[in-house]
Amino acid sequence: MKIQLLKNKLTGLIIPLVLYVAWDLLSRYELVPSTLMPPPKVLFETWWVMQSSGELLLNMKMSLLRVGAGFLVGASSGFLLGTAMGLWKPVEQYLNPVFNFFRQVPVVAWIPFLLLWLGIDEWFKIVFISCGAFIPMTLKTYDGIKNVPASYLEVVRVFEYGWFRLLRTVIVPSALPSIFTGLRLSLSEAWMLVIGAELVAAGEGIGNVMVIARRLFQTDVVLVGVIVIAITGFAMDRLLGLLETRFLGWHRTQNAQ
Amino acid sequence: MKKTINILLILALGVAVFGATPGFAQPEKVIRIGFPGGSGRPLSAGGWGYVQAKNLFEEEFKKDGWTIEYNYIKTAGPGVNEGLANNSLDFGSHGDLPVLSARAGGLKIKALAAVRGGTSHLLVPTNSNIRTIKDLKGKRVGVNVGTWTHALLIKVLKDNGLTMKDIKVINTSGTAFETALTTGDIDAGFGSLSLIRSGRAREIWTTVGRHVRYQNTNTFVVREEFLKKHPDIVKRLLKVYVKGLYLASLNKNETLKFNTRTGTALADLVTDNGGQSIKYLTSPKLDGQVTQQYKDSLVLFKDNGLIRKTFDPEKDLYERKYLDEVLKELKLENHWPNYDINGNPIKK
Amino acid sequence: MERLGTLEVKNLSKKFRSRNDELTVLNDINLTVQPGEFISIIGSSGCGKTTFLRLVVGLEKGYEGEILLDGQRLNGPSLKRGVVFQDHRLLPWLSIEKNVGMGLKDAKSDESRKAIQEHLELVGLKGFEKHYPHQLSGGMSQRAAIARALVNRPGILLLDEPLGALDALTRMYMHQELERIWKQEKITMIMITHDVDEAIVLSDKIVVMSSRPGTIKKIIPVPLARPRDRASYDFVKIKEEVLEEFQLHTEHPFTYTI
Ligand SMILES: Nc1ncnc2c1ncn2[C@@H]1O[C@H](COP(=O)(O)OP(=O)(O)O)[C@@H](O)[C@H]1O
Ligand SMILES: [Mg+2]
């Protein structure tokens, strides 16, 4: 059982490993110009220089702070709106069409407007990230609540629950898997948009480091940025995944059956 | 056995994915030249403007079926570098920071000739209370990152005891820069005289009338691979170019008039370069003025993290062989003097 | 414990309206259930058994006629009427213990803990308190659902084919359990089934329904002493009588698809 699990995990590493070897060979024998694809060795060196100078940490910190703020604002307001629409018919009737209308617009399409209203400083970035994080969270929370099985609700009707107990015992737990999905989507959206926001407007941040590096023909720095972004995003998603297993053990095992 | 086959297949896939990346293929018989084209106008300033306006390259290469493609790259010097890197450009003519950062980043290019005399003006909104460079401390400065004005800003700040860390850098260019400056989204930035003339900005500093080290010295570069494959074409092109520069150097007024086609008013051209000799402005020589300035720039760029490792331009960048041959063949060896670091002709 | 009540159903009819159709599911049902009685309802599938049960629970609204408990009209679901659905409907995120405690006002009080423990013992699930529904077999889940329905001591327990999904052996075991619980708790039970043997083993009366629209065809009393012997002459006799209503005889094996 354990061995099988380990094997499954290792299988996921095969393709990255093969790509790594291919990349190393291609760049080592200059089959691909190093200006287009710097060799791994150079990347490690560049990473080390950026790491030890504190440049990487400082910029990652800025980006993560923005993600944190945007995610917090976006996901919590998404949770509130999704819950409200899921629980109260009038809220749903008033707001769902509006929400659905606006969510058709890709968040990046708001950039010119947001820049106009908020300028190019922090406000723009945080509002932009919040908008992106808000949408999947609202959708998934709303979905989760709407899809609480009617059969469970009937059980509780017989038990004459008040609304708070109903919420706590049935609605929230039943919607939680969907809410967690919302959280994960929302976080990865936030993480992508922070890079987007930093590509558009300056200030410190890993996205901005990459823009500047691109302008200065530092392909290695750009690529280090890409990898750091990927690893951070992956780690954040993993962290939420762990929380999910912790809180939703019943859901995993039930679905496995 | 099956496992091995699987792994081989995946390996092949990996090679295919990476192998497919090396950019555009070289098209047949086209010479593609890239310029920083912030303004989007299809003509360059200085001697280049003359060469372009008179269709000198087109005339030369018509007979053997080569065509000329001028590209004005919106993303300026850094964009020209990207074009050279992915084989969509063969030649470029761009500023010290983009050329030196490209070479430091491993881009295989050779500098064939110098292109002198770029000017700029440090602008603030008309109602701004910024009067001097020192006032920029803590302010939001629009910078076209990776271009020569980026390097110029570093030099100017350094003269005033400041660094880039003392200001807020806003990466912007072209019309976005002009708009941001007039709306007050940024507090300052390098731009052209037209903003001043239209009353939208005020100048607090200019390269005009200052030491030539503040001016932009471009180089005319060629992709090494192209040079190796078509040395004859490169030489012919350079010969026509130098001939053009010679003609341009004969009549300053006419040359400036050609340059108004960039969209710059004649009065502005006169303000910017009127004080300099036409010989200086048109000289292609990779002389002391260029090499000393580039040497100093490399140190400055390294100190400011604009390049991560330095290199020896004499060995890795300058390719004087073709220019020397061309000058000899055209009997123009002595038409342009060599200039020193201060922009003064060196007397033999 | 709730005081047992008499359930009276008078002239009950129920129609479902779809877009332009009207389906009469139940027509003119009359039934009186005495306190402490065990009633089985048997009938072909689709004849309206579940609908009847849901009406009595109070989960279904909009009907004609009257459903009275001690002469009082029903007003929505209530803790006084426990229900075991055909699917056990245990909440997958709650442990068995918590599922069973769902019907209690304060599941944490000592009294509640005791009640939960007692009912788990009653249905033979002692030791499974901390398990989750997905860790139980189908039969165990049904028993947990029964415990949950019983824990707040309803006067009437309604069961919708509670043993339908179980294998024959488990089912027979569950018959004994149900009878034991019924005796011990002294409550009224109304059970839907389509297993004739099951109905005879457990019931005081068997209500045979016919379909389209669902009506009561016949009410057959089962005046046999408990525990009942499936092989006894009287047992087989009553079985004959029930099957008669479906135009079937014991020579033909009973099938579930009627
Ligand atoms: N909510 C509903 N809306 C419309 N028709 C229904 C509804 N519930 C049940 N029916 C119909 O009523 C009939 C009786 O259903 P049901 O009471 O579930 O039968 P049984 O439990 O006897 O198999 C069926 O034809 C079913 O399709
Ligand atoms: Mg049914």
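Residues numbered from 1 in each chain as written. Chains lettered and ligands numbered in written order. Predicted model: local features only at pLDDT ≥ 70, side-chain atom pairs only at ≥ 80, totals over all residues. Heavy atoms only, no water.

Participant: Tell me about the sheet that holds strand 5 (residues 72-73) of chain C, residues and numbers included.
Facilitator: One key point about sheets: their strands pair by backbone hydrogen bonds, in either a parallel or an antiparallel sense. Residue and element names in this part refer to chain C. Spatially, the four strands line up as an open sheet ordered 2-1-4-5, and their pairing is antiparallel. The outermost strands of the open sheet, each flanked by one partner alone, are strand 2 (22-33) and strand 5. Against the sheet, helix 1 (residues 49-57) engages strand 1 (7-17), strand 2 and strand 4 (64-69), with an angle of about 115° to strand 1. (Pairing = 2+ DSSP bridges. Helix = DSSP H or I, 4+ residues; strand = E, 2+ residues; numbered from the N terminus. Contact = heavy atoms within 4.5 Å. Axes fitted to C-alpha atoms, helices over the stretch in contact; angles between N-to-C directions.)

Participant: Describe the sheet that holds strand 9 (residues 201-206) of chain B, with residues and values.
Facilitator: All names here are of chain B. Ordered by their spatial adjacency, five strands build an open sheet running 7-6-8-5-9, and the pairing between neighbours is mixed. Each end of this open sheet is capped by a strand with a single partner; those strands are strand 7 (168-171) and strand 9. Geometrically, the sheet is characterised by an average inter-axis angle of 35° between neighbouring strands, direction not taken into account. As defined by bridge partners, strand 6 (residues 140-143) adjoins strand 8 (residues 188-191) across two bridges and the pair is classed as parallel. Bridged to Gly142 within strand 8 is Gly189. Lying over the sheet, helix 7 (residues 174-183) contacts strand 5 (121-125), strand 6, strand 8 and strand 9, oriented at roughly 140° with respect to strand 8.

Participant: Give me the lowdown on the interface of chain A and chain C, citing residues and values where you can.
Facilitator: Every contact between the two is made by 19 residues of chain A and, on the other side, 25 residues of chain C. Of the roughly 2000 Å² buried between chain A and chain C, counting both surfaces, carbon and sulfur atoms make up 64%. Considering only the side of chain A, the residues that lose the most area to chain C are Val158, Phe159 and Trp250 of chain A, jointly responsible for 30% of the buried surface there. Our enumeration of links across chain A and chain C arrives at two salt bridges. We note a salt bridge from Glu154 of chain A to Arg54 of chain C, for which the minimum N-O separation is 2.6 Å. Where chain A meets chain C, there are eight residue pairs in polar contact (both at pLDDT 80 or more). At the level of secondary structure, the elements contributing two or more residues to the side of chain A that touches chain C comprise helix 7 (150-158), helix 8 (163-200) and helix 11 (249-256) of chain A. At seven residues, the largest contribution of residues to the side of chain A that touches chain C is made by helix 7 of chain A. (Buried area = accessible area lost by both parts, 1.4 Å probe. Salt bridge = Lys/Arg side-chain N within 4 Å of Asp/Glu carboxyl O. Polar contact = N/O pair within 3.5 Å; in protein donor to acceptor, adjacent residues only side chain to side chain.)

Participant: Describe the interface of chain A and chain B, naming the residues involved and giving the relevant values.
Facilitator: Interface size is commonly expressed as the accessible surface area that is lost when the partners come together. Listed per partner, the contact involves 30 residues of chain A and 39 residues of chain B. Here chain A and chain B share an interface that buries about 2800 Å² over both sides, 64% of which is from carbon and sulfur atoms. When the buried surface of chain A facing chain B is broken down by residue, Arg215, Leu216 and Phe217 of chain A rank first, second and third, together holding 27% of it. Seen at the junction of chain A and chain B, the total is two salt bridges. The tally of links between chain A and chain B comes to seven residue pairs in polar contact (both at pLDDT 80 or more). Contributing elements (two or more residues each) for the side of chain A that touches chain B: helix 1 (2-28), helix 2 (40-52) and helix 9 (206-215) of chain A. No other element matches helix 1 of chain A, which puts seven residues into the side of chain A that touches chain B. Looking at side-chain class alone, the side of chain A that touches chain B contains 21 nonpolar, four polar and five charged residues. (Nonpolar A, V, L, I, M, F, W, Y, C, P; charged D, E, K, R; others polar.)

Participant: Quick rundown of helix 7 of chain A? Include the residues and the values.
Facilitator: Listed as buried for helix 7 of chain A are Ser151, Tyr152, Glu154, Val155, Val156 and Val158 of chain A. If you follow the buried residues of helix 7 of chain A, they end up packed against helix 8 of chain A together with helix 1, strand 6 (81-84) and helix 4 (138-150) of chain C. Just downstream of helix 7 of chain A, Glu160 of chain A is the residue with a positive phi angle, here 55°. (Buried < 20%, exposed > 50% of the residue type's maximum accessible area, 1.4 Å probe, protein only.)

Participant: Before we move on, can you summarise the arrangement of the chains with the specific residues and values?
Facilitator: Ranking the two pairs of chains in contact by number of contacts places chains A and B first. There is a clear gap between chain B and chain C: no contact, and 37 Å between their nearest C-alpha atoms.

Participant: So, the nonpolar core: which residues are in play, and what are the values?
Facilitator: By size, the foremost hydrophobic cluster in this structure holds 86 residues, and its most contacted members are Phe128 and Trp191 of chain A together with Leu7, Val9, Phe52, Met102 and Ile190 of chain C. Ranked by the residues each element gives to this core, the list is headed by helix 8 of chain A, at 13 residues. Trp191 of chain A has contacts with Met60, Ser63, Leu64, Val67, Ile206, Ile229, Thr232, Gly233 and Met236 of chain A, leaving out every residue within four places of it along the chain. Ile73, Leu84, Ala111 and Ala114 of chain B belong to the second largest nonpolar core, which has 51 residues in total. (Core = buried A, V, L, I, M, F, W, Y, C linked by side-chain atoms within 4.5 Å.)

Participant: So, the site of ligand 1: which residues are in play, and what are the values?
Facilitator: All names here are of chain C. Around ligand 1, a shell composed of Phe16, Val25, Ser45, Gly46, Cys47, Gly48, Lys49, Thr50 and Thr51 is seen. Between ligand 1 and Gly46, the relevant distance is 2.6 Å, taken from an oxygen atom to a main-chain nitrogen or oxygen of the residue. Within the backbone of Lys49, a nitrogen or oxygen atom sits 2.9 Å from an oxygen atom of ligand 1. Relative to its unbound accessible surface of 560 Å², ligand 1 loses 58% to contact with the protein. At three residues, the largest contribution of residues to the shell around ligand 1 is made by helix 1. Residue composition of the shell around ligand 1, grouped by class: three nonpolar, five polar and one charged. (Near = heavy atom within 4 Å. Areas by Shrake-Rupley, 256 points an atom, 1.4 Å probe, with all protein chains shown as cover.)

Participant: Explain the side chain of Arg32 of chain B to me, using residue names and the numbers behind them.
Facilitator: By the secondary structure assignment, Arg32 of chain B is in strand 1 (residues 30-36). In terms of polar contacts, Arg32 of chain B uses its side chain to reach the backbone carbonyl oxygen of Ser88 of chain B, at 3.5 Å.

Participant: So what's going on with the domain arrangement of chain B? Residues and values would help.
Facilitator: Residue and element names in this part refer to chain B. Here the domain parsing of chain B yields domain 1 (7-117 + 216-329) and domain 2 (121-206). Contacts between domain 1 and domain 2 engage 18 residues on the former and 14 residues on the latter. Across the domain 1 to domain 2 interface the summed buried area is about 1300 Å²; carbon plus sulfur atoms make up 65%. Considering only the side of domain 1, the residues that lose the most area to domain 2 are Asn216, Asp268 and Leu300, jointly responsible for 34% of the buried surface there. The tally of links from domain 1 across to domain 2 stands at two salt bridges. With a closest N to O distance of 4.0 Å, Lys155 and Asp96 form a salt bridge. At the surface where domain 1 touches domain 2, the tally comes to two residue pairs in polar contact (both at pLDDT 80 or more). Contributions of two or more residues to the side of domain 1 that touches domain 2 are made by helix 4 (76-85), helix 5 (96-104), helix 12 (266-273) and helix 14 (288-303). (Domains from an automatic or database assignment.)

Participant: Lay out empty space enclosed by the protein in plain terms, naming residues and giving numbers.
Facilitator: Under the defined criterion, the tally for this structure stands at two cavities of 30 Å³ or more. Estimates place the volume of the largest cavity at around 50 Å³. Lining the largest cavity, in full, are Val155, Val158 and Phe159 of chain A together with Gly82, Val83, Phe85, Arg148 and Ala149 of chain C. A breakdown of the residues in the lining of the largest cavity according to their chemical character gives six nonpolar, one polar and one charged. (1 Å grid on protein atoms, 1.4 Å probe; cavity = no way out; pocket = protein on both sides within 12 Å on 5 of 7 lines; lining within 4 Å. Points joined across faces, edges and corners; volume = space filled by probe spheres on them.)

Participant: Tell me about unusual backbone geometry, and please be specific about residues and values.
Facilitator: Note: most residues except glycine have negative phi, and most peptide bonds are trans. Residues and elements named next belong to chain C. Each neighbour pair has its own omega, and for Arg212 with Pro213 the value is -15°, a cis peptide bond. Examined against the element boundaries, Pro213 turns out to sit in the loop between strand 9 (205-210) and strand 10 (215-221). Even without a glycine there, the phi angle at Asn11 is positive, about 50°. Secondary-structure assignment places Asn11 in strand 1.

Participant: Quick rundown of the packing of helix 4 of chain B against helix 5 of chain B? Include the residues and the values.
Facilitator: Residue and element names in this part refer to chain B. The N-to-C vectors of helix 4 and helix 5 enclose an angle of 35°; their axes lie 8 Å apart at closest approach. As helix 4 runs across helix 5, the sense of the crossing is right-handed. Touching Gly77, Pro78 and Asn81 of helix 4 are Pro98, Ser101 and Ala102, all from helix 5. Its residues assigned to classes, the contact of helix 4 with helix 5 shows three nonpolar, three polar and no charged. (Left-handed = near helix turned anticlockwise from the far one by under 90°.)

Participant: Before we move on, can you summarise the environment of Glu203 of chain B with the specific residues and values?
Facilitator: All names here are of chain B. Within the element layout of this structure, Glu203 appears in strand 9. Separated by 80 residues in the primary sequence, Glu203 and Leu123 place their C-alpha atoms 4.6 Å from one another. In this view, Glu203 contacts His121, Leu122, Leu123, Leu193 and Ile196; residues no more than four positions away in its chain are not counted. A distance of 2.8 Å separates a polar atom in the side chain of Glu203 from a polar atom in the side chain of His121.

Participant: If you had to explain a positive patch on the surface to someone new, which residues and values would you point to?
Facilitator: A surface patch of positive charge is lined by Arg168 of chain A together with Lys98, Lys108 and Arg113 of chain C. By the secondary structure assignment, Lys98 of chain C is in helix 2 (residues 96-100). (Patch = residues over 30% accessible without salt bridge, like charges linked within 9 Å, V, L, I, M, F, W, Y side chains within 5 Å. Lys, Arg positive; Asp, Glu negative; His and termini not counted. Charge placed at Lys NZ, Arg CZ, Asp CG, Glu CD.)

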